[in-house]
Amino acid sequence: MSDQEATTTTWQDNHNRYRRHKLMTKELADTIPPLYANDGADDPDAVVARVKLFSPYIGWRWYITEWEAETGTCFGLVEGFETELGYFDLTELAEATVFGNVPAVERDLYWEPKTLGEIRRESRLAA
């Protein structure tokens, strides 16, 4: 282990007291490539989303393909008003609540990693 790895801290889900699970576990975090790892991919649709987050209240979904472990900055596919690739902040999603203290964003505990192409095809079929 290098000195850099020894001093690296991992984002902590300090906002899960009302949620029965964490938005990001160490095990999941270890499977997600760092930011820019897929930059310039020959086929962007072949990039794999390792984590799916969703809001049952607004219908948005966030698929994490890359992230920065220290800050919780993520990159991936966002299905909201539009479906697009972009950056989002895991801390902001973890802190979002509705009806007082009900967490607005959850992690799909049954999610199996899929490519962005698979996700887009399934979304089109569901629409």
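Refer to the preceding data block for the structure.
Residues numbered from 1 in each chain as written. Predicted model: local features only at pLDDT ≥ 70, side-chain atom pairs only at ≥ 80, totals over all residues. Heavy atoms only, no water.

**A word on the environment of Tyr-36**
1) Next: By the element assignment, Tyr-36 lies in the loop between α2 (26-29) and β1 (48-49).
2) Next: Among the residues examined, Tyr-36 registers a relative accessible area of 53% and is labelled exposed.
3) Next: Each C-alpha atom of the pair Tyr-36 and Thr-65 lies 9.8 Å from the other, and the pair is 29 residues apart in sequence.
4) Next: When near neighbours in sequence (up to four residues on either side) are disregarded, Tyr-36 contacts Glu-66 and Tyr-87. (Helix = DSSP H or I, 4+ residues; strand = E, 2+ residues; numbered from the N terminus. Buried < 20%, exposed > 50% of the residue type's maximum accessible area, 1.4 Å probe, protein only. Contact = heavy atoms within 4.5 Å.)

**Topic: the nonpolar core**
1) Next: Counting residues in each nonpolar core, the largest one holds 19 residues, and the members touching the most others are Met-24, Leu-53, Ile-64, Trp-67 and Leu-90.
2) Next: Residue assignment for this core shows that the elements contributing at least two residues are α2, β2 (51-54), β3 (61-68), β4 (73-79) and α3 (90-95).
3) Next: Setting aside residues up to four positions removed in sequence, Met-24 forms contacts with Trp-11, Ala-29, Ile-32, Val-51, Ile-64, Trp-67, Leu-90 and Arg-107.
4) Next: Counting seven residues, the second-largest nonpolar core is a separate cluster that includes Val-47, Leu-77, Leu-116 and Ile-119. (Core = buried A, V, L, I, M, F, W, Y, C linked by side-chain atoms within 4.5 Å.)

**What to know about the pattern of salt bridges**
1) Next: Tallying each qualifying case throughout the model produces five salt bridges.
2) Next: Here Lys-26 and Asp-30 are joined by a salt bridge, their closest N and O atoms 3.0 Å apart. Each of the two residues, Lys-26 as well as Asp-30, counts as exposed.
3) Next: Lys-52 is the salt-bridge partner of Asp-108, the closest N and O atoms lying 3.6 Å from each other. With Asp-108 in the loop between β8 (106-107) and β9 (114-115) and Lys-52 in strand β2, this pair connects stretches of sequence that are 56 residues apart. By the burial criterion, Asp-108 is buried, and Lys-52 matches it. (Salt bridge = Lys/Arg side-chain N within 4 Å of Asp/Glu carboxyl O.)

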